[in-house]
Amino acid sequence: TQPLVIMVEESMDSAMARWQQDVIGYLYVGFAACALMLLLSIVAWRGLRSREAARRMARQVQVRIAQSERELAVLMRSVQEVIFRTNTAGRITFVNARLALITGGSESQTIGRTLQELVEPSYRSAVENLFARAEAGGVRTCQAMFHLDGGRQLLFDVAMVPLLENGKLMGYAGSAVDITERWVAQQELQNELEFRGLVLEVNPLPISMTDIQGRLMMVNRAWEAYKGRDRAQVIGLRLADFLPAEEVAVHESADRQLLGEGGQTMFETRVLHGGKTWRDTRITKALVYDAGGQATAILCTLMDVSDFRAAERLTRQAQEASDEAARSKSEFVANMSHELRTPLQSIMGFSELGMFRSKADARLTGMFEDIHRSGERMLSLVNDLLDVAKLESTVGTFQLERVDLRGVIYPVLRELDPLLAQRKLRLDVALGDLPLTAKVDPVRFQQVIRNVLANAIKFSPQASSITLLGRMDSRGQIRLAVRDHGPGIPEEELGAIFEAFKQSSTTKDGSGGTGLGLAICKKIVEALGGRIYAENVKQGGSVFHIILPARGFSETIPAELQ
Ligand code: ADP
C-alpha cells in the first residue's frame, strides 16, 4: 500500500549512453529484418513477374503454333503435289488431301500402308530403291504407276528424303506429282510418231529427207531399194557424196528454188536407179517447217514414171501408125472409088444405049434395065464411099461461110419435089421469118439435109406427111428437125444407124440403101461443131434432130447483159 520509490540518480549523459547502446542493437536487428523482408519481397515479385511473362509467352507461342498449323493444313490442301510421310518401316503415317482428290478415295485408305503395296508390281523395285541406304540421306526419285480401285492407273513422279535426327532414321518424307496426262500425251505422241514412221517406211515410193545443208537425215525402205544403197551408208552424207553430178545439180537447183520461194515443187528428170540404169522419175520436194515456222528440212519423194513414159511413147507410135493406116485406107478407097466410077459410067452408058436399041425385044430391054439399075446402085455406093474417104481426109478443109440456112435448105427441097410427088407425100416446112445464121460449108450442109429428107421420103408410107422445122433456141443454137410417119427406129439402134454400113433391123430388107448416108451426115455435122441424133415419136414415125452452133463454133457467142 505504500510503494517504495527508490530514486537513483544518474547523469543524463551516462543514462543516454546506456539507452543508446540498447536501442542501436535493436535498431540493427530491425533494419536487418526489414532488409531481409525487402529482399524476399523483391525476389518473390520478380519470380511472379517472370512466371507471368513465361505464361504469356507460352500462350503466344501456342497461338502462333495453332496459326502455323492452320496455315500448313491449308497449304497442304492447296499444294498440287501429293505430300506424304512414312515411318521407318515405310508405312505411310501422313498424306495430304491432294491424294484423295486425285484418287477419289480418302487419306485414311492409305494411312498404314506401304508405298510398295500401292504401286503396280512392275514398279515395286523402283519404289524399294527409294528406301535404300537411308543413312546417306539425300533426295531420291523414281516414276511409279499407282493402281487405284476400279482398275484406274495413275503415273506419279515420286521424290523422297529420309528424315535423320543425329544420324538416326526417324522416317521418310516425300512428294509425288501426277504425270498421267503428260504420260498419256507422250504415249499418244509416241504412237503417232511410230505410225508416221511406219507409213513412210512402208510407202512404196522412195522417200528421203535432207537438212537445210543438204545432208541426208532419213530414207525409207523403197529409197534403199531404188537407189541400191543401205541407209547406214548414206545418212549424214551430202547427195554429192554418192550421186552423179548431173543428178545432184538438178536437186541443188530445186532446193535453192524451194528455199527461196517456200511451199513445194514438182519436176521430172532422169535419176540413177540401183546405180546402173537411168530412169524417168517425177520428183516432188516440199519444205518441212518447225513449230516456229523455220524451214528445217526438205522432203523428197521419187516416182518412177519410166514405164508410163514408155507406154506413152508406144501409144503415140501406135496412134501414128493407126493414123497412117487410116490415111492409106482412105486414100485406097478414094482411088478405088474413082477408078470404079469410070468403068461404071460406061456400063451405065452402054446399058442405056442397049435399052434404047433393044426396044423391039422386050426380054433384052429387061436385061439392059437390070444392068442399068445395078449400075446405078453401084454408082451410088461408090459415090458414098468416095464421100466417106473424102470426109476422112478433108474434114479440116471445109469451106465455111456464114449463111442463112434457109437459103441453103430451099434449093434441096426443090430438088426433092419429084420424089415427093412420086410417093404422094406432103412436106410441111416451117423455118420461121428470122434468118437462121450459121457458119457452115453450104454444099456439105445441103448433103446432110438431102440425105435426112431422102430417108424420110424413102421410109414414109405413101400419101403421108413430112415436117421440116427450123428455129434458133434461147442459147443461140440452130435446131432443125425432120419428122416423118414411117416405121421408126428400134430404140436400141437409134445410135447405131449413124455408124457406117449400119441399117435398122426394121428397114434392112429392101430399102436399097448402103448405110453410109447417116454416117456421112454425122461426120459433116460434127465437123461443123454440131450434133445429129434420132428419136422416135410416140404416135409413130421418127424425128431427126440437127443442132448447129449459131455463129460457128469457133466464134464467141455474145452473152446477155445481166
Ligand atoms: P441408107 O439409107 O442408105 O441405108 P443411111 O445411113 O442414110 O443409109 O441410113 C441408115 C439406116 O437408118 C437406114 O437403112 C434405115 O434403116 C435407118 N433410117 C434412116 N432414116 C430413117 C427414117 N426416117 N425412118 C426409119 N429408119 C431410118
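Check the entry above for the structure.
Keep in mind that this is a model prediction, so the values were computed, not measured. (Residues numbered from 1 in each chain as written. Predicted model: local features only at pLDDT ≥ 70, side-chain atom pairs only at ≥ 80, totals over all residues. Heavy atoms only, no water.)

Peer 1: Run through the overall build of the protein, naming residues and quoting values.
Peer 2: A tally of regular secondary structure across the protein gives 13 helices and 17 strands. Computed over the C-alpha atoms, the radius of gyration of the protein is 60 Å, more than 25% above the 24 Å expected from 2.2 N^0.38 for a compact globule of 562 residues. Seen through its C-alpha atoms, the protein measures out along the principal axes to roughly 240 × 70 × 50 Å. Within the protein, the proportion of its 562 residues that are buried is 34%. For the protein, long-range pairs separated by at least 24 residues make up 54% of all intrachain contacts whose partners lie at least 6 apart in sequence. Summing over all exposed atoms, the protein offers an accessible surface of approximately 35600 Å²; the carbon and sulfur share of this is 57%. The averaged location of the 68 negative side-chain charges in the protein is 2 Å from the averaged location of its 66 positive side-chain charges. (Helix = DSSP H or I, 4+ residues; strand = E, 2+ residues; numbered from the N terminus. Rg over C-alpha atoms; globule rule 2.2 N^0.38 Å. Buried < 20%, exposed > 50% of the residue type's maximum accessible area, 1.4 Å probe, protein only. Contact = heavy atoms within 4.5 Å. Areas by Shrake-Rupley, 256 points an atom, 1.4 Å probe, with all protein chains shown as cover. Lys, Arg positive; Asp, Glu negative; His and termini not counted. Charge placed at Lys NZ, Arg CZ, Asp CG, Glu CD.)

Peer 1: A description of the nonpolar core should follow, citing residues and the corresponding values.
Peer 2: Core analysis: the biggest nonpolar cluster contains 44 residues, and L405, I409, F445, V452, L480, I546 and L548 have the highest contact counts within it. Mapped by element, the contributors of at least two residues to this core are helix 11 (405-422), strand 13 (437-440), helix 12 (442-459), strand 14 (465-472), strand 15 (478-483), helix 13 (517-527), strand 16 (531-536) and strand 17 (542-548). For L548, the contacting residues outside a window of four places in its chain are L405, A438, V440, F445, Q477, I478, V525, L528 and G530. Ranked by size, the runner-up nonpolar core spans 23 residues in total, among them I92, C142, V158 and Y172. (Core = buried A, V, L, I, M, F, W, Y, C linked by side-chain atoms within 4.5 Å.)

Peer 1: Could you give an account of the pairing of strand 14, with specific residues and numbers?
Peer 2: Sheet topology places strand 12 (residues 426-430) next to strand 14; five bridges connect them, and they run parallel. Directly across from R426, in strand 14, lies its bridge partner S465. Bridge analysis of strand 14 against strand 15 gives six bridges, and the strand direction is antiparallel. When the bridges of strand 15 are listed, M472 appears paired with I478. In this antiparallel pair of consecutive strands, strand 14 and strand 15, the connection spans five residues, and G476 shows a positive phi of 85°. (Pairing = 2+ DSSP bridges.)

Peer 1: Talk me through the site of the ligand; I want residue IDs and the actual numbers.
Peer 2: The environment of the ligand is made up of 21 residues, and the closest members are D484, Q503, S504, T507 and L518. In this structure, N455 approaches the ligand through a side-chain N or O atom, which is 2.8 Å from an oxygen atom. Alone, the ligand offers 530 Å² of accessible surface; in the complex the protein occludes 98% of this. Judged by its atoms lying within 2 Å of the grid points, the ligand is housed in the largest pocket. (Near = heavy atom within 4 Å. Polar contact = N/O pair within 3.5 Å; in protein donor to acceptor, adjacent residues only side chain to side chain. 1 Å grid on protein atoms, 1.4 Å probe; cavity = no way out; pocket = protein on both sides within 12 Å on 5 of 7 lines; lining within 4 Å. Sits in = over half its atoms within 2 Å of the grid points.)

Peer 1: Account for the side chain of S465, naming residues and giving values.
Peer 2: Among the secondary structure elements, S465 is positioned in strand 14. Looking at S465, the relative accessible area reads 14%, which means it is buried. Those residues in contact with S465, other than ones at most four positions away along the chain, are R426, D428, R483, D484 and H485.

Peer 1: Go over the side chain of S306 with me, naming the residues and quoting the values.
Peer 2: Assignment of secondary structure puts S306 in helix 9 (residues 306-357). Separated by 2.8 Å, the side chain of S306 and the backbone nitrogen of D280 make a polar contact. At 2.8 Å, the side chain of S306 and the side chain of D304 are in polar contact. The contact partners of S306, leaving out residues within four places of it in the chain, are R279 and D280.

Peer 1: Help me get a handle on the sheet that holds strand 15, residues and values and all.
Peer 2: In sheet architecture, strand pairing relies on hydrogen bonds along the backbone and comes in two forms, parallel and antiparallel. Read across the open sheet, the five strands follow the order 12-14-15-17-16; overall the sheet is mixed. In this open sheet, the two edge strands, each paired with only one partner strand, are strand 12 and strand 16. Averaged over all adjacent pairs, the angle separating strand axes in this sheet is 15°, with direction ignored. Helix 11 contacts strand 12, strand 14, strand 15 and strand 17 of the sheet and is inclined by roughly 170° relative to strand 12. Here helix 12 sits on the sheet and contacts strand 12, strand 14, strand 15, strand 16 and strand 17; the angle it forms with strand 17, its principal contact strand, is near 170°. (Axes fitted to C-alpha atoms, helices over the stretch in contact; angles between N-to-C directions.)

Peer 1: Which residues make up the environment of R363, and what are the values?
Peer 2: By secondary structure assignment, the location of R363 is in helix 10 (residues 362-394). Measuring from C-alpha to C-alpha, the distance between R363 and A534 comes to 44 Å, with 171 residues separating the pair along the chain.

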